[in-house]
Structure formats: C-alpha cells, structure tokens
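Coordinates in review
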Amino acid sequence: MTATKTNLSPTARVAFGAIGLVQVAFAFLAFWDLSHRDDDEVRGPKPAWVPVILVNWIGPAAYFLFGIRR
C-alpha cells in the first residue's frame, strides 16, 4: 500500500488542522466540565454523556445545551 498525496493547499491543511484542534478542545472542555460537576447538576447519568460527547461537534454541543441543569 502506498501513501497518497492530498491535493490540499498548505492553507487548506492549516485550516483543517485548526478546525480539528478546536473540535478536540470543545470535546475536552465538555469532558472537563462533566467531570467537575455534581451529579445533580447534570441531566441524566453522567456516564451516559461520555459516548455522547465523543460524537464530533454535536456531542459536546448537546452536552452544553441540554446536559447541564440551569
């Protein structure tokens, strides 16, 4: 199997890399917040939110929008 070269410009590669870093940071913040909240501040069981947060973009957004009791 040989490696294939992508046809992305260097600018596009940097942009995709930056988007990837933001996505990882968003998920990290959701996991950090989940681990530091009390059980009564989270809707549903905390372990159930772990696989949800792993869904790209949608999971962390769902946690911050619907998983935290306000």
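Just so it is clear, the structure is predicted and the values come from calculations on it, not from any experiment.

Below, the discussion takes up the overall build of the chain. Scanning the chain for helices and strands turns up three helices and zero strands. The N-to-C order of helical and strand elements in the chain reads α-α-α. Rg of the C-alpha trace for the chain: 16 Å, well past the compact-globule value of 11 Å for 70 residues, more than 25% over. Projected onto its principal axes, the C-alpha positions of the chain cover 50 × 25 × 15 Å. Taking all 70 residues of the chain together, the buried fraction comes to 21%. Here the analysis covers contacts within the chain between residues at least 6 apart in sequence; of these, 52% occur between residues at least 24 apart. When the accessible surface of the chain is summed, it comes to about 5,400 Å², and 70% of that surface belongs to carbon and sulfur atoms. Across the chain, the 7 positively charged side chains and the 5 negatively charged ones have centroids separated by 16 Å.

If you look at the biggest cluster of nonpolar residues, it comprises eight residues: Ala27, Ala30, Leu34, Val42, Trp49, Ile53, Tyr63 and Ile68. Taken together, the elements giving at least two residues each to this core come down to helix H1 (10–36) and helix H2 (46–53). Setting aside its immediate chain neighbours within four residues, tryptophan 49 contacts Leu34, Val42, Arg43, Ala62, Tyr63, Phe66 and Gly67.

Criteria and cut-off values
- Residues numbered from 1 in each chain as written.
- Predicted model: local features only at pLDDT ≥ 70, side-chain atom pairs only at ≥ 80, totals over all residues.
- Heavy atoms only, no water.
- Helix = DSSP H or I, 4+ residues; strand = E, 2+ residues; numbered from the N terminus.
- Rg over C-alpha atoms; globule rule 2.2 N^0.38 Å.
- Buried < 20%, exposed > 50% of the residue type's maximum accessible area, 1.4 Å probe, protein only.
- Contact = heavy atoms within 4.5 Å.
- Areas by Shrake-Rupley, 256 points an atom, 1.4 Å probe, with all protein chains shown as cover.
- Lys, Arg positive; Asp, Glu negative; His and termini not counted.
- Charge placed at Lys NZ, Arg CZ, Asp CG, Glu CD.
- Core = buried A, V, L, I, M, F, W, Y, C linked by side-chain atoms within 4.5 Å.

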